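Structural features, examined
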Amino acid sequence: MNTAQPHTARIWNYWLGGKDNYAVDREAGDSIRELHPGIGDYARADRLFLGRAVRHLVADCGVRQFLDIGTGLPTADNTHEVAQRIAPESRIVYVDNDPLVLTHARALLTSSPEGRTDYLDADMRDVESVLEHASQTLDFSRPVALMLLGVVIFIEDDDEALGLVRRVMDALPSGSHLVLSHTITSPAMPDVDAAVAFWNEHGTPKLTQRTPEQVARFFDGLELLEPGVVSCSRWRPEPTGPDEPDEVAMFGGVARKR
């Protein structure tokens, strides 16, 4: 664990108001925010998107199992908390290979008595190992929601990133869902590119931006739910929910496997 270099998970935690970060992370986070003042909204929009997607899958689609890869540092309303609040019997497996996340994994292992949570210290590229260990908690004969929130941005090669998502979805049964979010690049948001460039020069791990059209490719072959791949703040916002910006450079979508 390198505490002398800023780290994505810790900066994300800082932007979300958490305390699991260091001065070097806060300094980098503030520098990025100077380049793009709204970037802290992305972390918040992504987290609210997670909550809305999980609530929809549990309440409206009957999903009771979640495979959350690229978990990040625990904050408020983690996947198991949202799911088990509606369906206490829900089962969740978290996967991450960040030593800091492993240190805080106990916060992710709380569960309702009826349900179960587990944590795997594994690399998302090792699909076979992830699926093998996750199968000890999840029943792969029943639908599973694959959660990939802001994680495939760490895979630079497009074919590798697309292939990874497809390999996991191929192993899941009909009725499973993919929930994915990704930082985008757009001519309308040049300051986002500047912020990412700053991060890739100073921080770890490096980030890869993709266009909204490239992000949509992760859902190829699946039934994309309305409103499609959009700014996370625009994915089924709740009328009584917290105020969010109209557009953030974090796009997301939810799709069902037929």
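These numbers come from a predicted model, not from an experiment.

1. With respect to the pattern of salt bridges
With the rule as written, the count across this model stands at eleven salt bridges. In this structure, Glu89 engages Arg64 in a salt bridge whose closest nitrogen and oxygen atoms are separated by 3.0 Å. Here Glu89, found in the loop between α4 (79-86) and β2 (91-96), pairs with Arg64, found in the loop between α3 (40-59) and β1 (65-69); they are 25 residues apart in sequence, far enough to count as distant. We classify Arg64 as partly exposed; its relative accessible area is 22%. Three or more residues are tied together by salt bridges with common partners; here these are Asp123, Arg125 and Glu160.

2. Some points on the pairing of strand β5 (residues 177-183)
Where a strand is regular, its side chains alternate between the two sheet faces. Burial analysis of β5 places seven of its seven residues in the buried class, which makes it a mostly covered element. The two faces of β5 match: His177, Val179, Ser181 and Thr183 on one face and Leu178, Leu180 and His182 on the other face are all buried. As judged from the five bridges shared by strand β4 (residues 145-149) and β5, these two strands associate in the parallel manner. Across the sheet, Ala145 pairs through a bridge with His177, a residue of β5. Viewed along the sheet, the connection from β4 through helix α7 (residues 158-171) into β5 turns out right-handed.

What counts and how
- The residue numbers shown here count from 1 along each chain, following its written sequence.
- This being a predicted model, a pLDDT of at least 70 is required before a residue's local features are given, and a value of 80 or more before pairs of side-chain atoms are given or counted; all residues contribute to the totals for chains, interfaces and linings.
- Only hydrogens and water are set aside when side-chain values are computed; all heavy atoms of the structure are taken into account.
- Think of a salt bridge as a Lys or Arg side-chain nitrogen and an Asp or Glu carboxyl oxygen that are within 4 Å of each other.
- The helix count covers DSSP runs of H or I at least four residues long, the strand count covers runs of E at least two residues long, and both are numbered beginning at the N terminus.
- For the exposure calls, accessible area comes from a 1.4 Å probe over protein chains only, and a residue counts as buried if that area is under 20% of its type's maximum, exposed if over 50%, partly exposed in between.
- In this analysis, strands are considered paired if DSSP registers two or more bridges between them.
- Handedness of a crossover is defined as follows: orient the strands so they point away from the viewer, and if the path from the first strand over the helix to the second runs clockwise, the crossover is right-handed.

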